Amino acid sequence: CILTFATATMAQDETQSKAKQYFEDLIHYSRVARMDLAIANGKALVDLKVKPKALLAAIESGPYAQDYTQDLIRMEQMTANVAEVASAVEKKINEATIKVIRNPKRIRIEIAKLSQGMRARGNATRLLRNAGEYAVPQMLEVLISVNDSARSLQPYVLETLVEMGRPVVIPLSEALATLGPVNQQNIARVLGNIGYPAALAYLKSLVENPKTDDATRGVAKLAISRIVKNRNIAANLSAAQLFYMLGEDYYAKQPSLILHPDASYNLRWMVNERGNLTYQRIPTPIYCDVMAMQAARRALIRDNNMGNALSLWIAANFRRANSLPAGAVDPSYGTRMRSPMFYAVLAGPSRVQPVLQRALTDHDARLALDAIGALSSTAGAATLADAQPMAEALNYPDRRRSEECRVGEECRSRWSPEQ
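Residues numbered from 1 in each chain as written. Predicted model: local features only at pLDDT ≥ 70, side-chain atom pairs only at ≥ 80, totals over all residues. Heavy atoms only, no water.

Chemist: In this structure, what is going on with the overall build of the protein chain? I would like to understand it.
Modeler: The number of helices and strands found in the protein chain is 22 helices and two strands. Looking at the protein chain residue by residue over its 419 residues, the buried ones come to 48%. Sequence separation of 24 or more characterises 66% of the internal contacts of the protein chain that already satisfy a separation of 6 or more. Here the protein chain has roughly 21,600 Å² of accessible surface; of this, 53% comes from carbon and sulfur atoms. (Helix = DSSP H or I, 4+ residues; strand = E, 2+ residues; numbered from the N terminus. Buried < 20%, exposed > 50% of the residue type's maximum accessible area, 1.4 Å probe, protein only. Contact = heavy atoms within 4.5 Å. Areas by Shrake-Rupley, 256 points an atom, 1.4 Å probe, with all protein chains shown as cover.)

Chemist: Is there a simple way to explain helix 18 (residues 349-362) in this structure?
Modeler: In an α-helix, one full turn covers 3.6 residues, which means residues spaced three or four apart are oriented alike. Spanning 14 residues, helix 18 covers 20 Å between terminal C-alpha atoms, matching the ideal 20 Å at 1.5 Å per step. Among all positions of helix 18, only Val-352, Gln-353, Val-355, Leu-356, Arg-358, Ala-359 and Leu-360 are buried. Just past helix 18, the residue His-363 takes up positive phi, approximately 55°. (Expected span 1.5 Å × (residues − 1).)

Chemist: Just to check I follow, could you spell out the side chain of Asp-330 for this structure?
Modeler: Checked against the element boundaries, Asp-330 lands in the loop between helix 16 (307-323) and helix 17 (340-347). Residue classification places Asp-330 among the buried residues on the basis of a relative accessible area of 8%. Separated by 3.0 Å, the side chains of Asp-330 and Arg-320 make a polar contact. Ignoring any residue separated from it by four or fewer positions in sequence, one finds Asp-330 in contact with Ile-282, Ile-286, Val-290, Arg-320 and Leu-324. (Polar contact = N/O pair within 3.5 Å; in protein donor to acceptor, adjacent residues only side chain to side chain.)

Chemist: Where do I start with the nonpolar core in this structure?
Modeler: Looking at soluble globular proteins, one finds that nonpolar side chains tend to be buried together. Counting residues in hydrophobic clusters, the biggest one holds 98 residues, and the most contacted among them are Ile-111, Val-157, Leu-161, Leu-172, Ile-187 and Leu-203. Among the elements that make up this core, the one with the highest residue count is helix 15 (residues 284-302) (11 residues). The contact partners of Val-157, leaving out residues within four places of it in the chain, are Ile-111, Leu-114, Met-139, Val-142 and Leu-143. Listed in part, the 26 residues of the second largest apolar core include Ile-27, Ala-58, Ile-59 and Ala-96. (Core = buried A, V, L, I, M, F, W, Y, C linked by side-chain atoms within 4.5 Å.)

Chemist: Sorry, what's going on with the pairing of strand 2 (residues 277-283) here?
Modeler: Regular strands have side chains that alternate between both faces of the sheet. Relative to strand 2, strand 1 (residues 265-271) runs antiparallel, the two sharing seven bridges. Pairing of Asn-266 across the sheet is with Ile-282, part of strand 2. In this antiparallel pair of consecutive strands, strand 1 and strand 2, the connection spans five residues, and Gly-275 shows a positive phi of 85°. (Pairing = 2+ DSSP bridges.)

Chemist: What am I meant to see in the pattern of salt bridges here?
Modeler: Oppositely charged side chains can form a pair if their charged atoms are brought close together. Summed over all chains, the structure comprises 17 salt bridges. A salt bridge links Glu-159 to Arg-121; the shortest N-O distance between them is 3.1 Å. Of this pair, Glu-159 sits in helix 9 (residues 148-164) while Arg-121 sits in helix 7 (residues 118-131), and the two are 38 residues apart along the sequence. Using a relative accessible area of 41% as the deciding quantity, one classes Glu-159 as partly exposed. Salt-bridge contacts for Arg-217 lead to Asp-214; the nearest nitrogen and oxygen are separated by 3.3 Å. On the criterion of helical spacing, the pair formed by Arg-217 and Asp-214 is a turn pair, its members being three residues apart in helix 13 (residues 214-229). (Salt bridge = Lys/Arg side-chain N within 4 Å of Asp/Glu carboxyl O.)

Chemist: What is the right way to read the packing of helix 10 (residues 169-176) against helix 12 (residues 200-208) from this model?
Modeler: How two helices pack is summed up by the angle between their axes together with the distance between the axes. Direction vectors running N to C along helix 10 and helix 12 enclose 15°, while the axes themselves pass 9 Å from each other. It follows that helix 10 is roughly parallel to helix 12 by the angle criterion. Crossing handedness for the pair helix 10 and helix 12: left-handed. Side by side, helix 10 and helix 12 meet where Ser-173, Glu-174 and Leu-176 of the first sit next to Tyr-202, Leu-203 and Leu-206 of the second. (Axes fitted to C-alpha atoms, helices over the stretch in contact; angles between N-to-C directions. Parallel < 35°, antiparallel > 145°, perpendicular 65-115°, else oblique. Left-handed = near helix turned anticlockwise from the far one by under 90°.)

Chemist: Would you mind showing me how to read the packing of aromatic side chains here?
Modeler: The description of an aromatic ring pair uses the distance of the two centres, along with the angle that the planes make with each other. Counting across every chain of the model gives seven aromatic pairs. Relative to Phe-243, the ring of Tyr-202 has its centre 5.2 Å away and its plane inclined at 75°; by these criteria the two rings are edge-to-face. Here Tyr-202, found in helix 12, pairs with Phe-243, found in helix 14 (residues 239-251); they are 41 residues apart in sequence, far enough to count as distant. An identical accessibility class is assigned to Tyr-202 and Phe-243; each is buried. Summarising the aromatic geometry, the rings of Trp-313 and Tyr-343 are spaced 5.3 Å apart at their centres and angled 85° between planes, so their arrangement reads as edge-to-face. (Phe/Tyr/Trp six-rings, centres within 6.5 Å; stacked < 30°, edge-to-face > 60°.)

Laid out in structure tokens, this is it:
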């Protein structure tokens, strides 16, 4: 067993050494305009079966660790064969970085380096930026901790969170209500300094909570004023209104709210029963609908008369079901939840008619058919005749499935609330 382990270790070291040589030769030859040799070394690096940790160690221990990115960008703007190799190398490095830096143990190691001098801190900050939202739970652990080593790190962690920017806003906002007053104030300041409006509803909830102490409320108000200062948002909106606005932004798929648009999944952050920040992996095609439903639900909790939030929830739920990829699972939709049609019928025609209007405005034929199915199950003939969205739907240019989905008995059987 010892011999086997030693042999495996030697093989790993040899592979890492090869990766280091290929990478350094790639950069060197690209800089001296020997693109034939640069391409050869780049292809060898891409084809090399090297573990992500070993690849990053090979790069980080070499002379080009700080500035190789600019070399790859320059190569990607050259001829097609050079650009293809440079892109492949960059992709391999990025994939390795993600796999390594998202590991909680590696994140804790990098956090510990934040207080170890300017050079170490710079490298750690860069890697934590690469980890993005995945680093937030471990960084919060440091902020909450009362031991001396953690306390010495806390100022650096707060500063680094601000530098990390947009990716940390939602996980920090989700954790905000569960923290003690001192950490609520610290995180409110971080959110105010970052300045993304996605945090506004959470900060306003803190302000409106009667259990919030005066000092924390004051810090949260200041953070709100900093965010709205350069945004077209009124400072006096309630938390319910802000959650509804956030839900509408998610429904509209605002790019600033989707961290990984090209990934197969995005993260929905939450606090579990033990008070720990955790996440669910939501398939990207339905991510915005899931988040729109969450925001709409929170608006309704704070103001149960907010009918537009209920209509938004119904629309997002229909679109979520329509957009879920075949074979994929939505972990946010619990096993006790009923079908989207069940909730639409339960809400009644006054809440479904805005869904139909939304579908017509967005040219979403599937959502329009869902809304018509719900209306046909709940609304009388007089109500349907008077409904402006229904009148518009009769002239809707997209007539797909028109024979299949007639209003009346066929729709009632097709969209049973029990489905």
